[in-house]
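Given next are the chains, with one letter for each unit.
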Amino acid sequence: MRDVAIIGVSQTKFGELWDDSFRDLITDAGLGAIKDAGIEGGDLEAMYVGNMSAGLFVQQEHIASLIADHAGLTPIPCARIEAACASGGLALRNGIMAVASGFHDIVISAGVEKMTDVVDPTPAIATASDQEWEAQQGVTFPSLYAMMARRHMHEFGTTREQMAMVSVINHKNATKNPRAQYPMEVSIDQVMNSTMVADPLRLLDCSPISDGAAAAILCPAEDAKKYTDTPIYVKASAQSSGSLALHDRKKITTIDATVNAARKAFQMADMTPKNIDMVEVHDCFSINGILAIEDIGFVEKGKGGQAIEDGMTQLDGEIPVNPSGGLKARGHPLGATGIAQAAEIVWQLRGEAGKRQINNAEVGMTHNIGGTGGTAAVHILSK
Ligand SMILES: CC(C)(COP(=O)(O)OP(=O)(O)OC[C@H]1O[C@@H](n2cnc3c(N)ncnc32)[C@H](O)[C@@H]1OP(=O)(O)O)[C@@H](O)C(=O)NCCC(=O)NCCS
């Protein structure tokens, strides 16, 4: 296997983007990454695009060919990768595997979702759960994560305030990110008094409905310096599946797919949580900001809420979490998220993260989940 490097990244602004179509978004992100890498579109040998549900959100299937055509890249081989909200993370992983295997030299891994064009996106998002046993019984994503939150509060004494802190920190970080959807500060009181969505989760505990795209260019590590002085190296790319439905799990206070993917990633990189300088975690709901740091292994199970209350995950904390603002405040266009997480780590490691820059960062991690944990993708990147 060859080592792989990321030589270019890009992300559109995330938000409710009425003026940009699905194809505009992904093309903007792709062109941005091509420019950042200093290559030509014709240098690309393959494209992997993470997308959860263009069929339901914009009534468009066969998006890989649409994108290749619109971007002027035909006859490039291009594939859509789908694993619900982990589609972007898996598009990155497929690109990495294509380069590592020697099958292709320069590839683009991207992700895109345009969610705001439908009147009610909730049923489309719910297709990432078990249709027969969950969605058709009336379950939505906020309610699934609400059950996980309630159980975590019951078993470990996690408090409402601790969950609110996850959102407070994310929104604070997002004020320093010009690409974020909700770059405004919120207080614990505001989170706890925001509109109830699914008890105990309120509006400000939830990631939003977002439009956006992101892209990354990969090449063999040995060639990376031909294109950039600051290549970022892929130290690990791990993926795990887990039970789709909550009722099939032994516990709903742990996401096994995260535990397994993180364990594999640490093995592959020959690292432990102590080697990680910052992490972008999949905090689609505030409770998942707590589950993620426990399941990856930054803190013991049950101690995540306290760690957040103690400031461990703040920008200047022991392990900064979601310097970008995370899914909560940067936004969560489902298929784009896994790539946007990698872009943030690349900017941080290159020292290009502006006001949210974490000093002396050498190694970063991304953690991307599909559904409530049917899929998890974990990547470790280093200078
Ligand atoms: C929480 C949620 C239900 C809110 O949707 P909604 O009630 O339709 O909200 P609206 O679009 O009517 O927005 C109401 C206001 O809240 C704001 N808002 C909406 N969602 C927000 C969020 N998540 N965080 C902060 N503000 C939000 C809007 O900007 C709007 O503000 P305004 O009145 O000043 O214009 C929706 O964002 C949601 O479903 N989130 C979860 C998405 C999800 O499940 N993703 C997959 C995870 S695995």
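Residues numbered from 1 in each chain as written. Predicted model: local features only at pLDDT ≥ 70, side-chain atom pairs only at ≥ 80, totals over all residues. Heavy atoms only, no water.

Engineer: Got a minute to help me understand the nonpolar core in this structure?
Structural biologist: Taken as a class, soluble globular proteins show a tendency for nonpolar side chains to be buried jointly. Counting 65 residues, the largest nonpolar core has Y145, F298, M365 and I380 as the members making the most contacts within it. Ranked by residues supplied to this core, first place goes to helix α6 (residues 141–156) with 7 residues. Built from parts of two domains, this core gets at least three residues from each of domain 1 (4–120 + 210–232) and domain 2 (122–206 + 235–382). Within the second largest apolar cluster, 36 residues are counted, among which are F14, A86, V107 and L381. (Core = buried A, V, L, I, M, F, W, Y, C linked by side-chain atoms within 4.5 Å. Buried < 20%, exposed > 50% of the residue type's maximum accessible area, 1.4 Å probe, protein only. Helix = DSSP H or I, 4+ residues; strand = E, 2+ residues; numbered from the N terminus. Domains from an automatic or database assignment.)

Engineer: Explanation requested: the packing of helix α1 (residues 22–37) against helix α3 (residues 63–70) in the structure shown.
Structural biologist: The description of two helices packed together rests on the angle between their axes and the distance between the axes. Between α1 and α3, whose axes approach to 10 Å, the crossing angle comes to 65 degrees. For the pair α1 and α3, the sense of crossing is right-handed. Packed against α1, whose contacting residues are F22, R23, D24, I26 and T27, the element α3 presents I63, L66, I67 and H70 at the interface. Of the residues contributing to the contact of α1 with α3, the split by class is 5 nonpolar, 2 polar and 2 charged. (Axes fitted to C-alpha atoms, helices over the stretch in contact; angles between N-to-C directions. Left-handed = near helix turned anticlockwise from the far one by under 90°. Contact = heavy atoms within 4.5 Å. Nonpolar A, V, L, I, M, F, W, Y, C, P; charged D, E, K, R; others polar.)

Engineer: Would you explain the pairing of strand β11 (residues 375–382) in this entry?
Structural biologist: A large share of β11 lies buried, amounting to 8 of its 8 residues. Burial along β11 is two-sided: the face carrying T375, A377, H379 and L381 and the face carrying A376, V378, I380 and S382 are both buried. Across 8 bridges, the pairing between strand β10 (residues 363–370) and β11 is antiparallel. Across the sheet, residue N368 finds its bridge partner in β11, namely A377. Joining the antiparallel neighbours β10 and β11 is a turn of 4 residues, in which G371 adopts a positive phi near 65 degrees. (Pairing = 2+ DSSP bridges.)

Engineer: Which parts of the structure should I look at to understand the packing of aromatic side chains?
Structural biologist: By convention here, two paired aromatic rings are described through the distance between centres and the angle between planes. Scanning the entire structure with this criterion turns up 2 aromatic pairs. Plain terms: the ring middles of F141 and Y145 are 6.4 Å apart, the flat faces sit at 35 degrees to each other, and that makes the pair tilted. Taken together, the residues span about one helical turn, with F141 and Y145 both in helix α6 at a distance of 4 residues. The pair F141 / Y145 is uniform in exposure class, with both members buried. (Phe/Tyr/Trp six-rings, centres within 6.5 Å; stacked < 30°, edge-to-face > 60°.)

Engineer: Sorry, what's going on with the domain arrangement of the protein chain here?
Structural biologist: Where interface size is quoted, it is often the accessible area lost as the parts come together. Under the domain assignment used here, the protein chain contains domain 1 (4–120 + 210–232) and domain 2 (122–206 + 235–382). Inter-centroid distance (C-alpha atoms) of domain 1 to domain 2 is 22 Å. Together, the buried faces of domain 1 and domain 2 total about 3300 Å²; carbon and sulfur atoms form 67% of this surface. Scanning the region where domain 1 abuts domain 2 turns up 1 salt bridge. In this structure, D36 engages R350 in a salt bridge whose closest nitrogen and oxygen atoms are separated by 2.8 Å. Taken together, domain 1 and domain 2 are joined by 14 residue pairs in polar contact (both at pLDDT 80 or more). Secondary-structure elements contributing two or more residues to the side of domain 1 that touches domain 2 are β1 (4–11), α2 (54–58), α4 (87–100), β4 (107–114) and β7 (211–220). It is α4 that contributes the most residues to the side of domain 1 that touches domain 2, 7 residues altogether. The residue inventory of the side of domain 1 that touches domain 2, partitioned by class, reads 22 nonpolar, 15 polar and 7 charged. (Buried area = accessible area lost by both parts, 1.4 Å probe. Salt bridge = Lys/Arg side-chain N within 4 Å of Asp/Glu carboxyl O. Polar contact = N/O pair within 3.5 Å; in protein donor to acceptor, adjacent residues only side chain to side chain.)

Engineer: Please clarify how the environment of A342 should be interpreted in this entry.
Structural biologist: If you trace the backbone, A342 turns up in helix α13 (residues 337–350). The class for A342 is buried, based on a relative accessible area of 1%. With 253 residues separating them along the chain, A342 and G89 place their C-alpha atoms 8.4 Å apart. Each residue touching A342, except ones within four places of it in the same chain, is listed here: L92, T366 and L381.

Engineer: Would you take a moment to explain unusual backbone geometry for this structure?
Structural biologist: Where the residue is not glycine, phi is negative for most of them; where a peptide bond is considered, it is trans in most cases. The omega angle of the peptide bond from T74 to P75 is 10 degrees, so this bond is cis rather than trans. Mapped onto the elements, P75 comes out in the loop between α3 and β3 (78–81). Cis geometry marks the peptide bond from D199 to P200; its omega dihedral reads 10 degrees. Non-glycine residue Q59 carries a positive phi angle of around 55 degrees. Within the fold, Q59 resides in the loop between α2 and α3.

Engineer: Honestly, a negative patch on the surface in this entry has me stumped. Any pointers?
Structural biologist: A cluster of like negative charges, contributed by E161, D189, E309 and D310, occupies part of the molecular surface. Counting through the fold element by element, E309 comes out in helix α11 (residues 304–309). (Patch = residues over 30% accessible without salt bridge, like charges linked within 9 Å, V, L, I, M, F, W, Y side chains within 5 Å. Areas by Shrake-Rupley, 256 points an atom, 1.4 Å probe, with all protein chains shown as cover. Lys, Arg positive; Asp, Glu negative; His and termini not counted. Charge placed at Lys NZ, Arg CZ, Asp CG, Glu CD.)

Engineer: Help me out: how do you make sense of the site of the ligand in this one?
Structural biologist: Residues in contact with the ligand amount to 15 residues; listed here are only the nearest, Y182, C206, S207, P208 and K328. Here an oxygen atom of the ligand and a side-chain polar atom of Y182 are 2.7 Å apart. C206 is positioned such that a nitrogen or oxygen atom in its backbone is 2.7 Å from a nitrogen atom of the ligand. Within the complex, the protein chains bury 59% of what would otherwise be the 930 Å² of accessible surface of the ligand. When the residues that make up the shell around the ligand are grouped by side-chain class, the tally is 12 nonpolar, 2 polar and 1 charged. (Near = heavy atom within 4 Å.)

Engineer: Sorry, what's going on with the sheet that holds strand β8 (residues 232–241) here?
Structural biologist: Strand pairing in a sheet relies on backbone hydrogen bonds. The paired strands run either parallel or antiparallel. Read from one edge to the other, the open sheet built from 9 strands follows the order β3-β2-β4-β7-β1-β8-β11-β10-β9, with strand pairing classed as mixed. Two strands close off the open sheet at either side, each with one partner strand: β3 and β9 (278–280). Strand after strand, the sheet turns through a mean of 25 degrees between neighbouring axes, direction not considered. Pairing of strand β2 (residues 46–50) with β3, which is carried by 4 bridges, proceeds in the parallel orientation. From the neighbouring strand, M47 faces β3, where its bridge partner is C78. Of the strands in this sheet, β1, β2, β3, β4, β7, β8, β10 and β11 touch α4, which is tilted by about 160 degrees from β2. The sheet contacts of helix α9 (residues 256–269) involve β8, β10 and β11, and relative to β8 the element is tilted by about 145 degrees.

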